[in-house]
Amino acid sequence: MMLQFQVEGMSCGHCVKAVTNAIVAAYPEASVAVDLAAGNVKVEHAGDAAQVARLIEEAGYKVSGSSAAG
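Now for a look at the structure at hand. (Residues numbered from 1 in each chain as written. Predicted model: local features only at pLDDT ≥ 70, side-chain atom pairs only at ≥ 80, totals over all residues. Heavy atoms only, no water.)

**Notes on the overall build of the protein chain**
Here is step 1: Across its full length, the protein chain carries two helices and four strands.
Here is step 2: Ordered by position in the sequence, the α and β elements of the protein chain form the string β-α-β-β-α-β.
Here is step 3: Compactness check: the protein chain gives a C-alpha radius of gyration of 10 Å against a globular reference of 11 Å for 70 residues, within 12% of the reference.
Here is step 4: Projected onto its principal axes, the C-alpha coordinates of the protein chain cover approximately 30 × 20 × 15 Å.
Here is step 5: Out of the 70 residues belonging to the protein chain, those deemed buried represent 27%.
Here is step 6: When contacts within the protein chain are restricted to residue pairs at least 6 apart in sequence, long-range pairs at least 24 apart make up 66% of them. (Helix = DSSP H or I, 4+ residues; strand = E, 2+ residues; numbered from the N terminus. Rg over C-alpha atoms; globule rule 2.2 N^0.38 Å. Buried < 20%, exposed > 50% of the residue type's maximum accessible area, 1.4 Å probe, protein only. Contact = heavy atoms within 4.5 Å.)

**Regarding the pattern of salt bridges**
Two side chains with opposite charge may pair up if their charged atoms get near one another.
Here is step 1: The full count for this structure, using the stated rule, is one salt bridge.
Here is step 2: Here E58 makes a salt bridge to R54, at a shortest N to O gap of 2.2 Å. Of this pair, E58 and R54 both sit in helix α2 (residues 49-58), four residues apart, which is roughly one turn of the helix.
Here is step 3: Residue classification places R54 among the partly exposed positions, given a relative accessible area of 39%. (Salt bridge = Lys/Arg side-chain N within 4 Å of Asp/Glu carboxyl O.)

**A short note on the pairing of strand β2 (residues 31-35)**
Here is step 1: As paired strands, β2 and strand β3 (residues 40-44) are joined by five bridges and run antiparallel to one another. Note on β3: the bridge partner recorded for V34 is V41.
Here is step 2: In this structure, the hairpin formed by β2 and β3 is closed by a connection of four residues, where G39 is found at a positive phi of approximately 70°. (Pairing = 2+ DSSP bridges.)

**A closer look at the nonpolar core**
Here is step 1: Grouped together as the largest cluster of nonpolar side chains are 17 residues, with contacts concentrated most on F5, V7, I23, V43, V52 and I56.
Here is step 2: Mapped onto this core, the elements with two or more residues apiece are β1 (2-8), α1 (13-26), β3 and α2.
Here is step 3: No other element matches the four residues that α2 contributes to this core. (Core = buried A, V, L, I, M, F, W, Y, C linked by side-chain atoms within 4.5 Å.)

**Description of the pairing of β1**
Side-chain positions along a regular strand alternate between the two faces of the sheet.
Here is step 1: The two faces of β1 differ: L3, F5 and V7 on one face are buried, but M2, Q4, Q6 and E8 on the other face are not.
Here is step 2: Relative to β3, β1 runs antiparallel, the two sharing five bridges. The residue bridging Q4 from the neighbouring strand is K42, located in β3.
Here is step 3: Sheet topology places β1 next to strand β4 (residues 62-69); seven bridges connect them, and they run antiparallel. Paired with F5 across the bridge in β4 is S66.

What follows is the structure, given as C-alpha cells:
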C-alpha cells in the first residue's frame, strides 16, 4: 500500500535524509520518496499511516495531511 503525507517544514537534503532515515529505521523494507517542492512524502511497504506520521513528526516535521492508495 502507498501512503502519502503532506509535510510542512522540509526545505533541504538534510530534511529528506532525516525523514527517510526515521521511516526506514522503523520499517527497513520501506521505500520512501520525498518531494521537497510539493512538500510530500510517499511511502511504500510500511505499517500504519498513523505510525508513519508519528515518525515524521518525531523527526521534527509537521504532517498536515495523509492518504492511502491500494
